[in-house]
Amino acid sequence: MAVIHRTTMSPGKLELLAAWMPSKPWYRGGGEAPLLAKAGGFRLDDPAGEVGIEFMVVTDTSGDSPVTYQVPMTYRGAPLASAADGLIGTSEHGVLGRRWIYDGTHDVVLVEQLLALLAGRATAQDQNASDAPDPTVEVLTGGSWAAGVPQGLTGPGPVAETADASLVTVGPAAQDGPVSTLTLCRVLRPGPAPEGDGAAGRVLAGWSAPDGTRQHGPFAHLAAFER
């Protein structure tokens, strides 16, 4: 169970993201610095109890119209060499000390637990409370595909960035095992799950619009596994 500490982080998450996001191809801002506000999200638990996992939603109001982004993040007590390309920054946590904060698409723990969520082996947790499931997170699966979700990942494969999403190749340690593409939506849009795209499973969740209205839409989807 992830424990949510009521403490400070310096620099704060939004400050780190404001410096990091403009370098990403999915960031829609212009020449102005991002003006970020937290808009929602959820957490997953690391079974080993070592890594914090958060799917944060932030809205940038620096442009002509607000844009809402998903930033999956992991919080670690030491650097993770295999995720060096995904380092967002470091921060001093008031209880836990220095934390290394990574873009979660590069972190095997987040990828494994997102697959576990899709397969029904994990439960989405409230973003702001300890030991509190988040019933607003919706998981949709297709048929019996979940039985084939690989375990024991050697690490997420190369991460491809597009104008809207991050694409992660996932598969088991066995070289001849099934592989798939896990897509995490970066630019969030409200609406139902798309139909007819062949996705084996998907995650939908909610966030708050700048005017306070609740929005709900796709966060991630997994293509069918292929050998």
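Here's what I pulled together on the structure shown here. (Residues numbered from 1 in each chain as written. Predicted model: local features only at pLDDT ≥ 70, side-chain atom pairs only at ≥ 80, totals over all residues. Heavy atoms only, no water.)

## Side note on the overall build of the chain
Basically, it comes down to this: Each helix corresponds to a stretch of at least 4 residues labelled H or I by DSSP, and each strand to a stretch of at least 2 residues labelled E; elements are numbered beginning at the N terminus. The cut-offs for exposure are 20% and 50% of the maximum accessible area for each residue type, with area from a 1.4 Å probe on protein chains only; residues under the lower value are buried, those over the upper are exposed, and the others partly exposed. Note on contacts: a residue pair is in contact if any heavy atoms of the two residues lie within 4.5 Å. Where accessible areas are quoted, they stem from the Shrake-Rupley method and a 1.4 Å probe; at the residue level, only the protein chains shown are allowed to cover.
Secondary structure summary: the chain contains 2 helices and 12 strands in total. For the chain, the N- to C-terminal ordering of α and β elements is β-α-β-β-β-β-β-α-β-β-β-β-β-β. Going through the 227 residues of the chain one by one, you find that 47% of them count as buried. The long-range fraction of contacts in the chain, counting pairs at least 24 apart against all pairs at least 6 apart in sequence, stands at 59%. About 10,500 Å² of surface is accessible on the chain, with carbon and sulfur atoms providing 51% of the total.

## Structural notes on the pattern of salt bridges
Put simply, the test is: We count a salt bridge whenever a side-chain nitrogen from Lys or Arg sits within 4 Å of a carboxyl oxygen from Asp or Glu.
Under the counting rule described, the total for this entry stands at 8 salt bridges. Two residues, Arg76 and Asp107, come together in a salt bridge whose shortest N-O distance is 2.7 Å. Within this pair, whereas Arg76 is found in strand β4 (residues 67–76), its partner Asp107 is found in the loop between β6 (97–103) and α2 (108–118), the two being separated by 31 residues in sequence. The residues Arg76 and Asp107 share a single accessibility class, namely buried. Look at the salt bridges and you will find they share partners, linking Lys13, Arg43 and Glu54 into a network.

## Observations regarding unusual backbone geometry
Backbone geometry at Asp131 places phi at a positive 50 degrees, although glycine is not the residue there. Here Asp131 shows up in the loop between α2 and β7 (138–141).

## With respect to the layout of surface pockets
To find leftover empty space, a probe the size of one water molecule is rolled over the atoms. Applicable threshold: Here a cavity means grid points, on a 1 Å grid over the protein atoms only, where a 1.4 Å probe fits yet cannot get out; a pocket means an open set of points with protein on both sides within 12 Å along at least five of seven lines; lining residues are those with an atom within 4 Å of a point. Grid points are joined across faces, edges and corners, and a volume is the space filled by probe spheres set on the points.
By volume, the second largest pocket amounts to about 190 Å³. Around the second largest pocket sit 14 residues that line it, and Cys185, Val187, Arg189, Pro218 and His221 are the ones nearest its centre. A per-element tally of the lining of the second largest pocket places strand β12 (residues 214–223) first, with 3 residues.

## Quick look at the packing of aromatic side chains
Inclusion rule: Stacked, tilted and edge-to-face are the three classes applied to pairs of Phe, Tyr and Trp rings, where Trp contributes its six-membered ring and a pair requires centres within 6.5 Å; stacked means planes under 30 degrees apart, edge-to-face means over 60, and tilted covers the rest.
This model, assessed by the stated rule, comprises 6 aromatic pairs. Relative to Phe219, the ring of Phe42 has its centre 6.0 Å away and its plane inclined at 45 degrees; by these criteria the two rings are tilted. Here Phe219 lies in strand β12 and Phe42 lies in strand β2 (residues 36–44), a separation of 177 residues in the sequence. Overall, the relative accessible area of 1% leaves Phe219 in the buried class. Three or more aromatic residues joined by ring pairs form one cluster here, namely Trp20, Trp26, Tyr27 and Tyr69.

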